[in-house]
Amino acid sequence: MTFDFTFGHTHTTMDLGTLIFTVLLAAFLLWLIYWTLSRGIRSLCGKPLNNPPSPIFWAKVTADVVEEDTEDLWHGIPEAFQISHKVKKGTSIVDHEGYMKRVHICKVAYTYHGERYTSFVQDCAVRNGKTEIYCYRKKPESAKVFHPDQPWSKASGVSMLFFGILMILMGVITICGIVS
């Protein structure tokens, strides 16, 4: 099965496999342009690279920690742990005595629309026996924790913007070459 396309004075014939490959390649390139531009802009603005859960489907609630499973407890703040884990995941907490704990699994209890629910969440940040979680609006017994990804440096953000704009320019030049 072949398809004929005519743009101005240009005539192109493609079989089905080539057409599917071209459409998938175009979709991938559009996604890559969106990804580079969004990452670049969010890095320059200093925002986390990922978005919090949609408020249409998820409600943010404050939960009481019923049980917690901590892995390690240190006195003071080891710099390597603080840089590698606290910055990336946001799961390390320093309490008032100078001890730091990393919580793997928590059993939490929370109230949503007047009803009390319990759930298990992973890698939560516990402060004074409470944590911030998101519960699913249609099924409130399922909950999750949002971990923001740290933004890249300003130079990386500028590089991503430059790369995205370069890809848009190459796409425009390619389309103009096909159409003319």
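Below is a summary of the structure that appears in this document. (Residues numbered from 1 in each chain as written. Predicted model: local features only at pLDDT ≥ 70, side-chain atom pairs only at ≥ 80, totals over all residues. Heavy atoms only, no water.)

1. Quick notes on the overall build of the chain
- When you go through the chain residue by residue, the secondary structure sums to three helices and eight strands.
- In sequence order, the chain lays out its α and β elements as β-β-α-β-α-β-β-β-β-β-α.
- Counting all 180 residues of the chain, 28% fall into the buried class.
- Of the roughly 12100 Å² that the chain leaves accessible, carbon and sulfur atoms contribute 64%. (Helix = DSSP H or I, 4+ residues; strand = E, 2+ residues; numbered from the N terminus. Buried < 20%, exposed > 50% of the residue type's maximum accessible area, 1.4 Å probe, protein only. Areas by Shrake-Rupley, 256 points an atom, 1.4 Å probe, with all protein chains shown as cover.)

2. Remarks on the pattern of salt bridges
- Under the defined criterion, the tally for this structure stands at two salt bridges.
- Measuring nitrogen to oxygen at the nearest pair gives 3.5 Å for the salt bridge that ties Arg116 to Asp64. A residue pair is termed long-range when its members are at least 10 positions apart, and Arg116 in strand 6 (residues 115-122) and Asp64 in strand 3 (residues 58-75) qualify at 52 residues.
- Here Arg116 falls in the exposed class, since its relative accessible area comes to 51%.
- Using a relative accessible area of 26% as the deciding quantity, one classes Asp64 as partly exposed.
- The closest approach of N and O atoms between Asp64 and Lys130, which form a salt bridge, is 2.5 Å. On the criterion of sequence distance, the pair formed by Asp64 in strand 3 and Lys130 in strand 7 (residues 130-136) is long-range, its members being 66 residues apart.
- Salt bridges sharing partners connect three or more residues here, namely Asp64, Arg116 and Lys130. (Salt bridge = Lys/Arg side-chain N within 4 Å of Asp/Glu carboxyl O.)

3. Some words on unusual backbone geometry
- Phi at His113 is positive, roughly 55°, even though this residue is not glycine.
- Relative to the elements of secondary structure, His113 occurs in the loop between strand 5 (99-112) and strand 6.

4. Examining the layout of surface pockets
- If you add up the space inside the largest pocket, you get close to 690 Å³.
- In terms of lining, the largest pocket is formed by 19 residues, of which the most central are Thr22, Ala26, Thr174, Ile175 and Ile178.
- Considering every element that reaches the lining of the largest pocket, the biggest residue donor is helix 1 (residues 16-45), with eight residues.
- Across the lining of the largest pocket, the residue classes tally to 15 nonpolar, four polar and no charged. (1 Å grid on protein atoms, 1.4 Å probe; cavity = no way out; pocket = protein on both sides within 12 Å on 5 of 7 lines; lining within 4 Å. Points joined across faces, edges and corners; volume = space filled by probe spheres on them. Nonpolar A, V, L, I, M, F, W, Y, C, P; charged D, E, K, R; others polar.)

5. Considerations on the packing of aromatic side chains
- Inspection of the entire model under this criterion finds six aromatic pairs.
- Members of the aromatic cluster, joined through ring pairs, are Phe28, Trp31, Trp35 and Trp152.
- The ring of Trp58 has Lys144 lying over it, and the distance from NZ or CZ to the ring centre is 4.3 Å. (Phe/Tyr/Trp six-rings, centres within 6.5 Å; stacked < 30°, edge-to-face > 60°. Lys NZ or Arg CZ within 6 Å of the ring centre and 35° of its normal.)

6. Quick word on the pairing of strand 7
- Pairing geometry for strand 7 and strand 8 (residues 143-144), over two bridges, is antiparallel. Across the sheet, the residue bridging to Tyr134 is Lys144, located in strand 8.
- Connecting strand 7 to the next strand, strand 8, in antiparallel fashion are six residues. (Pairing = 2+ DSSP bridges.)

7. Some thoughts on the environment of Lys154
- Along the chain, Lys154 falls in helix 3 (residues 154-179).
- Residue Lys154 is classed as partly exposed on the basis of its relative accessible area, which comes to 49%.
- With sequence-adjacent residues up to four places away left out, Lys154 is seen in contact with Ser43, Leu44 and Gly46.
- Polar contacts involving the side chain of Lys154 include one to the main-chain carbonyl oxygen of Leu44, which spans 2.8 Å. (Contact = heavy atoms within 4.5 Å. Polar contact = N/O pair within 3.5 Å; in protein donor to acceptor, adjacent residues only side chain to side chain.)

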